Amino acid sequence: PNNSADPSAKGQCGFPNDQLPKGMFYAAVDATLYATASRCGACMRLMSGGVSVEVQVIDLVPALPGANGSTIAIDQGAQSILSPGGGNPNVQFSFIPCPITGNIRVAFKGALDPSVLVMDHRSELKSVQLATAGTTQNMTRQSYNVWTTAGTFGGGRVSLVLTDVFGNTVRTPDMALSTAFVDTGQQFPRCPDQ
């Protein structure tokens, strides 16, 4: 995943290497699991031979030719736990909430390019809405994991309504349209539906 020593390198999910949460393992998944970017930032538990490891999805990988099932590429640290002797073990997996301790962060393209990249969410994002003047407007997730909307942001500040796959919703405060990642001060609960 994000196979580069360049700290600003990005995988298909758009998360720069130097912005990824520390102390985690990462994965790239095939197109079926990637699900048009809906799994970007989601965490998975991989299990093989009584051993398990948790990884966060940050990239897309081609399916292995002739693979009978899903293709998941993981970083070397996770690989050494699941398969100390090397090789490609068969694994079982499940999607789980991420062990993120901080808040959700966002980075905007700017006022004239109404798009936002959202990262560090504990659970999978279901929707992002732009909140302005008492109304909300749905944003569309692109295959490269950026949420977009028609028109421009305008006004120089925006608020977002983020909803996870469990129906939990958080609303960010009004934020400046920074191209650097901004801490929203918000996070989904540790356990679903709490």
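Cut-offs and rules
- Throughout this document, residue positions are counted from 1 along each chain, in the order its sequence is written.
- Local features are withheld for residues below a pLDDT of 70 in this predicted model, meaning they are given only at 70 or higher, and side-chain atom pairs are given and counted only at 80 or more; totals for whole chains, interfaces and linings count all residues.
- Only heavy atoms go into the side-chain values, all of them from the structure, while hydrogens and water stay out.
- Labels follow the DSSP assignment, with helices taken as runs of H or I lasting at least four residues and strands as runs of E lasting at least two, numbered in each case from the N terminus.
- Think of it in three bands: residues with accessible area under 20% of the maximum for their type are buried, residues over 50% are exposed, and the middle band is partly exposed, with areas taken using a 1.4 Å probe on protein chains only.
- Whenever a nitrogen or oxygen atom comes within 3.5 Å of another N or O atom, the pair is scored as a polar contact, on the condition that within protein one atom can donate a hydrogen and the other can accept it, and that pairs from neighbouring residues in sequence are kept only if both atoms are in side chains.
- Working rule for contacts: check all heavy atoms of both residues, and any pair within 4.5 Å makes them a contact.
- Residues belong to a common nonpolar core when they are buried Ala, Val, Leu, Ile, Met, Phe, Trp, Tyr or Cys residues joined through side-chain atoms within 4.5 Å.
- Between any two strands, at least two bridges found by DSSP are needed for them to pair.
- To obtain an axis, a line is fitted to C-alpha atoms, over the contacting stretch when the element is a helix, and the angle between two such axes runs from 0 to 180 degrees between their N-to-C directions.

Undergrad: Can you help me understand the environment of Ile 58 in this one?
TA: For Ile 58, the position within the fold is in strand β3 (residues 51–60). A relative accessible area of 1% places Ile 58 in the buried class. Along the chain, Ile 58 and Ala 31 lie 27 residues apart, while their C-alpha atoms are 13 Å from each other.

Undergrad: I tried to follow the side chain of Gln 187 on my own but got confused; where do I start?
TA: Among the structural elements, Gln 187 can be located in the segment after β15 (182–183). Look at Gln 187 and you get buried, because its relative accessible area is 15%. In terms of polar contacts, Gln 187 uses its side chain to reach the backbone carbonyl oxygen of Gly 102, at 2.9 Å. Within the structure, the side chain of Gln 187 is placed 3.1 Å from the backbone nitrogen of Arg 122, a separation counted as a polar contact. Apart from residues no more than four positions distant in its own chain, Gln 187 is found in contact with Ile 100, Gly 102, Asn 103, Ile 104, Asp 120, His 121, Arg 122 and Val 170.

Undergrad: Hey, could you run me through the nonpolar core in this one?
TA: Nonpolar side chains in soluble globular proteins generally cluster together in the buried interior. Membership of the largest hydrophobic core comes to 27 residues, with the highest contact counts inside it found for Phe 15, Met 44, Leu 46, Val 55 and Ile 74. For this core, the elements supplying multiple residues, two or more each, are β1 (25–29), α1 (31–34), β2 (43–48), β3, α2 (76–82) and β7 (115–119). The element that contributes the greatest number of residues to this core is β3, accounting for four residues. Formed by 18 residues, the second largest nonpolar core is a distinct cluster that contains Phe 108, Val 116, Leu 130 and Val 158.

Undergrad: Teacher, can you tell me more about the sheet that holds β1 here?
TA: Whenever strands of a sheet pair, they do so through backbone hydrogen bonds, lying parallel or antiparallel. In space, the five strands of this open sheet follow the order β4-β1-β3-β2-β5, with mixed pairing throughout. Unpaired on one side and paired on the other, β4 (72–74) and β5 (92–96) mark the two borders of the sheet. On average, adjacent strands in this sheet sit at an angle of 40 degrees to one another, irrespective of strand direction. With three bridges joining them, β1 and β4 adopt antiparallel strand pairing. By the bridge assignment for β4, Ala 27 is matched with Ile 74.

Undergrad: I would appreciate a short explanation of the sheet that holds β15 in the present structure.
TA: The five strands are arranged β10-β11-β7-β6-β15 in an open sheet whose pairing can be described as antiparallel. Bordering the open sheet on either side are β10 (140–141) and β15, each of which pairs with just one other strand.

Undergrad: Hey, could you run me through the environment of Lys 22 in this one?
TA: Mapped onto the elements of the fold, Lys 22 is located in the segment before β1. Each C-alpha atom, one on Lys 22 and one on Gln 12, is 19 Å from the other, the two residues being 10 residues apart in sequence.

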